[in-house]
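One-letter residues, chain by chain:
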Amino acid sequence: MSLLLSKANIGGLDLKNRVAMSPMCMYEVKNEDGILTPFHFAHYGMRAIGQVGLIITESTAVDPEGRITKNDLGLWNDEQANKFKELVDSIHYLGSKIGVQLNHAGRKASDAKHPVAPSSFDFSDNYRIPEELEVSQIHQIVKKFGQAAKRANDAGVDMVEIHGAHGYLLHQFLSAVANKRNDEYGGSLENRYRIVQEVIDAVKDNYEGPVWIRLSLSDYDTTGTQNTMSEWQQVSRWLEADGINLIDVSTGGLTDDAPDFPVHDGYQTKFASQIKQAVKIPVSTVGLLDNPGLCEYILQNNQADLIMEGRALLRNTNWLADAANDLHDHDFKVFNDSYKRGQK
Ligand SMILES: Cc1cc2nc3c(=O)[nH]c(=O)nc-3n(C[C@H](O)[C@H](O)[C@H](O)COP(=O)(O)O)c2cc1C
């Protein structure tokens with residue numbers, strides 16, 4: 001049996017395979033209330049029927065002003081949480097695990113009335129200049145992560161992922177490219193990490209299950225301002241000490257720049273494997289991992305512990321069954337006998 005499609009305990013979760021659906025914004029909350037719609041039940045349900053071990057929902061805002069767009073999901077009120085519980089129950093019924101990615105978009109909150117950020121610099125010419133956060137406002141945002149985590153807890157989600165990547169608020173704090181503060185939340189790496197530590201504490205105080213974090217390990221910055229790999233390894237050791245159960249490694253999103261390194265199948269996995277050298281907790285990898293053989297190679301060679309699939313699962317809800325064929329994994333089971341009749 002392949003490692004990719006066999007059971008594992010990863011990041012505090014018992015999973016039926018090592019494939020997770022990477023969080024992907026769908027912008028389908030047409031009436032702008034942050035509440036799941038029938039679209040989301042069908043969208044995530046199809047991936048559960050496709051046997052994805054863990055589904056991580058799209059970026060879900062902890063505050064209306066922290067949405068990437070007004071069509072995002074939210075967990076800032078109980079009505080949203082009640083609907084989330086229904087989704088959790090339905091994904092469990094279909095046999096998969098489900099987590100939520102909690103986010104505040106900071107200066108990339110494109111529909112916010114007053115976008116906020118660690119410092120008053122815009123993301124690009126197409127975005128507004130954000131207001132620099134006062135320390136009391138930082139404390140409020142940390143509290144909102146905790147309150148959203150409590151709602152996730154009550155909804156019964158299997159894990160919470162803190163979005164610390166792709167140029168959203170926590171990434172903006174972590175990177176000196178966007179964080180020019182000179183108070184306790186800026187300057188040294190330790191200071192830039194402070195809000196992340198506070199968010200982890202707030203989430204863990206309110207949520208009983210595993211807490212993961214997504215990081216961007218490159219800002220595609222060529223000026224020498226971005227964190228070095230050894231700084232990211234230090235951040236990872238702090239995350240481990242602060243109780244994070246898995247580090248989900250991605251890159252980019254802080255600026256409009258394109259990657260300053262070759263983009264090819266598995267192009268982000270080298271960053272994950274370098275984080276694995278620094279910590280004992282598991283690490284996941286994402287990015288152009290459509291080829292099941294490559295995924296198996298990454299797992300066999302201990303470069304990462306879990307594979308996140310994004311666009312491949314948008315193209316093909318049956319990706320795992322196709323992967324089983326590619327890998328000659330005869331132990332893989334499709335959803336039920338009726339679906340088995342549909343296999344070649
Ligand atoms: C439509 C779309 C929406 C996305 N939204 C999110 C998101 O909400 N949160 C996140 O962390 N990453 C998001 N991403 C990035 C994906 O999770 C993933 O990291 C990226 O697509 C690379 O993986 P892939 O090559 O398997 O697609 C999004 C990607 C796509 C294509």
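Residues numbered from 1 in each chain as written. Predicted model: local features only at pLDDT ≥ 70, side-chain atom pairs only at ≥ 80, totals over all residues. Heavy atoms only, no water.

- Taking an unreviewed UniProt entry as the reference, the protein chain is identified by name as NADH:flavin oxidoreductase/NADH oxidase belonging to Apilactobacillus apisilvae.

## Details of the overall build of the protein chain
Part 1 of the argument: Scanning the protein chain from terminus to terminus reveals 11 helices and 13 strands.
Part 2 of the argument: On C-alpha atoms alone, the protein chain measures out to a radius of gyration of 19 Å, which is about the 20 Å that the 2.2 N^0.38 rule sets for 344 residues.
Part 3 of the argument: Considering only C-alpha atoms, the protein chain reaches an extent of 60 × 40 × 35 Å along its principal axes.
Part 4 of the argument: Here the protein chain, with 344 residues, has 59% of them falling under the buried criterion.
Part 5 of the argument: In the protein chain, of all internal contacts separated by at least 6 residues, the share reaching a separation of at least 24 is 71%. (Helix = DSSP H or I, 4+ residues; strand = E, 2+ residues; numbered from the N terminus. Rg over C-alpha atoms; globule rule 2.2 N^0.38 Å. Buried < 20%, exposed > 50% of the residue type's maximum accessible area, 1.4 Å probe, protein only. Contact = heavy atoms within 4.5 Å.)

## Thoughts on unusual backbone geometry
Where the residue is not glycine, phi is negative for most of them; where a peptide bond is considered, it is trans in most cases.
Part 1 of the argument: Phi is positive for E32, close to 65 degrees, though the residue is something other than glycine.
Part 2 of the argument: Relative to the helices and strands, E32 resides in the loop between β3 (19-21) and α1 (38-49).
Part 3 of the argument: On the accessibility criterion, E32 (37% relative accessible area) is partly exposed.
Part 4 of the argument: One non-glycine residue with positive phi stands out, namely Y220, at about 55 degrees.

## Points about the environment of E65
Part 1 of the argument: Relative to the elements of secondary structure, E65 occurs in the loop between β4 (54-61) and β5 (73-74).
Part 2 of the argument: Between the C-alpha atom of E65 and that of G106, which follows or precedes it by 41 residues, the distance is 8.3 Å.
Part 3 of the argument: Dropping the residues within four chain positions of it, E65 is found in contact with H104, A109, A112, K113 and H114.
Part 4 of the argument: One polar contact links the side chain of E65 to the main-chain amide nitrogen of K113, over a distance of 3.0 Å. (Polar contact = N/O pair within 3.5 Å; in protein donor to acceptor, adjacent residues only side chain to side chain.)

## Some words on the UniProt feature "domain: NADH:flavin oxidoreductase/NADH oxidase N-terminal" (unreviewed entry) in the protein chain
Part 1 of the argument: Per the UniProt record, "domain: NADH:flavin oxidoreductase/NADH oxidase N-terminal" (unreviewed entry) is found at residues 9-328.
Part 2 of the argument: Each end of residues 9-328 is marked by a C-alpha atom, and these two atoms are 23 Å apart; helix forms 36% of the span and strand 17%. (UniProt positions renumbered as here; feature names shortened; annotations may be inferred.)

## Points about the pattern of salt bridges
Where charged atoms of side chains with opposite charge meet at close range, the side chains can pair.
Part 1 of the argument: This structure, assessed with the given rule, holds 12 salt bridges.
Part 2 of the argument: Taking the shortest distance from any N to any O, the salt bridge between E161 and R214 comes out at 3.9 Å. Residue E161 is found in strand β9 (residues 159-164), and its partner R214 is found in strand β10 (residues 211-216); the two are separated by 53 residues along the sequence. An identical accessibility class is assigned to E161 and R214; each is buried.
Part 3 of the argument: The shortest N-O distance in the salt bridge between D248 and R214 comes to 2.7 Å. In this pair, D248 sits in strand β11 (residues 246-250) while R214 sits in strand β10, placing the two residues 34 residues apart along the sequence.
Part 4 of the argument: Taking the relative accessible area as the measure of exposure, D248 reaches 0% and is therefore buried.
Part 5 of the argument: According to the relative accessible area criterion, R214 is buried, its value standing at 3%.
Part 6 of the argument: When salt bridges with common partners are traced through the structure, they connect E161, R214 and D248 into a single cluster. (Salt bridge = Lys/Arg side-chain N within 4 Å of Asp/Glu carboxyl O.)

## Considering the pairing of β11
Part 1 of the argument: By the criterion of burial, β11 is predominantly enclosed, with 5 of the 5 residues buried.
Part 2 of the argument: For β10 and β11, the ladder comprises 5 bridges, and the chain directions are parallel. Bridging across to β11, L215 finds its partner in V249.
Part 3 of the argument: Tracing the backbone out of β10, into helix α6 (residues 229-241) and back to the parallel element β11 gives a crossover that is right-handed.
Part 4 of the argument: When β11 meets strand β12 (residues 283-286), the two strands line up parallel, connected through 3 bridges. Each residue of the ladder has a partner; that of V249, found in β12, is T285.
Part 5 of the argument: Viewed along the sheet, the connection from β11 through helix α7 (residues 269-276) into β12 turns out right-handed. (Pairing = 2+ DSSP bridges. Right-handed = clockwise from strand over helix to strand, strands pointing away.)

## Considerations on the site of the ligand
Part 1 of the argument: The full set close to the ligand counts 15 residues, and S22, P23, Q101, L288 and R311 are the nearest of them.
Part 2 of the argument: Contact between the ligand and H166: a nitrogen atom at 3.4 Å from a side-chain N or O atom of the residue.
Part 3 of the argument: The backbone of G310 places a nitrogen or oxygen atom 2.9 Å from an oxygen atom of the ligand.
Part 4 of the argument: With the chains in place, 82% of the 610 Å² that the ligand exposes on its own is no longer accessible.
Part 5 of the argument: Of the residues assigned to the shell around the ligand, the class counts are 5 nonpolar, 7 polar and 3 charged. (Near = heavy atom within 4 Å. Areas by Shrake-Rupley, 256 points an atom, 1.4 Å probe, with all protein chains shown as cover. Nonpolar A, V, L, I, M, F, W, Y, C, P; charged D, E, K, R; others polar.)

## Let's talk about α1
Part 1 of the argument: With 12 residues, α1 extends 16 Å between its outermost C-alpha atoms, agreeing within 8% with the 16 Å of an ideal straight helix rising 1.5 Å per residue.
Part 2 of the argument: Close packing links the buried residues of α1 with β3, β4, β5, α2 (78-93), α9 (311-315) and α11 (337-341). (Expected span 1.5 Å × (residues − 1).)

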